[in-house]
Amino acid sequence: MLEKELAALEETCRVAAQAITSARSVREAIEAAEVDVPHHLQAVVRVKVPALGRLARARDMRVEEIVKDQLTSLRIERSDFVASRELDRWKASDWYLLRSGYPDLYAKALREANLIIEQKRRNKR
């Protein structure tokens, strides 16, 4: 019985890892990594299901990758107005999760995004 439950949890972790890899937003990556572990398995899950431990690392790497991609798309955008709107959209729909879960990444990304937009405004003049 225990082995079946552990195998099912391992499969859930495998599916979650695939979802993290294909996530297109910070929110999707964070939600995909949330795997419920039954209470009676929590004591043995670290040893018996190594994939569960790898999920957090995969999530963190994917979140950083998504933010880098978002900042790259800001650099590519020609219009400072469109770039500013896009940043506002990310802050409302995606980056609010960074603020609480990844405060250093949030601060760095916000600073870089604001510099990109400011540079676009200066180049426009």
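Scoring rules and cut-offs
- Residues numbered from 1 in each chain as written.
- Predicted model: local features only at pLDDT ≥ 70, side-chain atom pairs only at ≥ 80, totals over all residues.
- Heavy atoms only, no water.
- Core = buried A, V, L, I, M, F, W, Y, C linked by side-chain atoms within 4.5 Å.
- Buried < 20%, exposed > 50% of the residue type's maximum accessible area, 1.4 Å probe, protein only.
- Helix = DSSP H or I, 4+ residues; strand = E, 2+ residues; numbered from the N terminus.
- Axes fitted to C-alpha atoms, helices over the stretch in contact; angles between N-to-C directions.
- Parallel < 35°, antiparallel > 145°, perpendicular 65-115°, else oblique.
- Left-handed = near helix turned anticlockwise from the far one by under 90°.
- Contact = heavy atoms within 4.5 Å.
- Nonpolar A, V, L, I, M, F, W, Y, C, P; charged D, E, K, R; others polar.
- Expected span 1.5 Å × (residues − 1).
- Arc of directions from axis to C-beta.
- Phe/Tyr/Trp six-rings, centres within 6.5 Å; stacked < 30°, edge-to-face > 60°.
- Salt bridge = Lys/Arg side-chain N within 4 Å of Asp/Glu carboxyl O.

**Student:** It is not clear to me how the nonpolar core should be interpreted in this structure. Could you clarify?
**Tutor:** The tendency in soluble globular proteins is for nonpolar side chains to be buried side by side. Counting residues in each nonpolar core, the largest one holds 23 residues, and the members touching the most others are Val-26, Val-63, Val-67, Leu-71, Leu-74, Trp-95 and Leu-98. Broken down by secondary-structure element, the contributors of at least two residues to this core are helix H2 (26-32), helix H4 (50-76), helix H5 (80-93), helix H6 (96-101) and helix H7 (103-124). Take this core: its biggest share by element is seven residues, from H7. If you look at the next biggest cluster of nonpolar residues, it comprises 15 residues, including Val-35, Val-37, Ala-51 and Leu-52.

**Student:** Sorry if this is basic, but what is going on with the packing of H4 against H5 here?
**Tutor:** In a pair of packed helices, the angle between the axes and the distance between the axes together describe the arrangement. Taken N-terminus to C-terminus, the directions of H4 and H5 make an angle of 160°; their axes are 9 Å apart at the nearest point. Our classification of the angle between H4 and H5 gives roughly antiparallel. Of the two elements, H4 crosses H5, and the hand of that crossing is right-handed. Touching Gln-70, Ser-73 and Leu-74 of H4 are Ala-83, Glu-86 and Trp-90, all from H5. Counted by class, the contact of H4 with H5 contains three nonpolar, two polar and one charged residues.

**Student:** What is the right way to look at helix H1 (residues 2-21) in this model?
**Tutor:** Think of an α-helix as 3.6 residues a turn; residues three or four steps apart then line up on the same face. The terminal C-alpha atoms of H1, which comprises 20 residues, lie 29 Å apart, in line with the 28 Å expected from a rise of 1.5 Å per residue. All of the buried residues along H1 are Leu-6, Leu-9, Cys-13, Ala-16 and Ile-20. Taken down its axis, H1 places every buried residue within 75° of arc, on the same side. When the buried face of H1 is taken as reference, the exposed residues oriented beyond 90 degrees from it are Glu-3, Lys-4 and Thr-21. Contact partners of the buried residues in H1: H2, helix H3 (45-48) and H4.

**Student:** I would appreciate a short explanation of the packing of aromatic side chains in the present structure.
**Tutor:** Ring pairs (aromatic) are described by centroid distance and by the angle formed between their planes. Within this structure, the stated rule accounts for one aromatic pair. When the ring of Trp-90 is compared with that of Trp-95, the centres are 5.9 Å apart and the planes differ by 25°; the resulting orientation is stacked. The pair formed by Trp-90 and Trp-95 is uniform in burial state, with each residue classed as buried.

**Student:** For this particular structure, what's the right way to read the pattern of salt bridges?
**Tutor:** Note on pairing: side chains with opposite charge can pair once their charged atoms come close. Following the criterion strictly, the structure yields eight salt bridges and no others. Among the salt bridges present, the one from Arg-59 reaches Asp-60, with a minimum N-O distance of 3.1 Å. The partly exposed category is assigned to Arg-59, whose relative accessible area is 23%. Accessibility expressed as a relative area gives 23% for Asp-60, which makes it partly exposed. With a shortest N-O distance of 2.5 Å, Glu-86 and Arg-89 are connected by a salt bridge. With a gap of three residues between them, Glu-86 and Arg-89 both fall in helix H5, about one helical turn apart.

**Student:** Help me understand H4 in this model?
**Tutor:** Counted at 1.5 Å a residue, the expected span for H4 with its 27 residues is 39 Å, and the 40 Å between its end C-alpha atoms agrees. Considered for burial, the residues of H4 that qualify are Ala-51, Leu-52, Leu-55, Arg-62, Val-63, Ile-66, Val-67, Gln-70, Leu-71 and Leu-74. On its buried face, H4 is in contact with H1, H2, H3, H5, H6 and H7.

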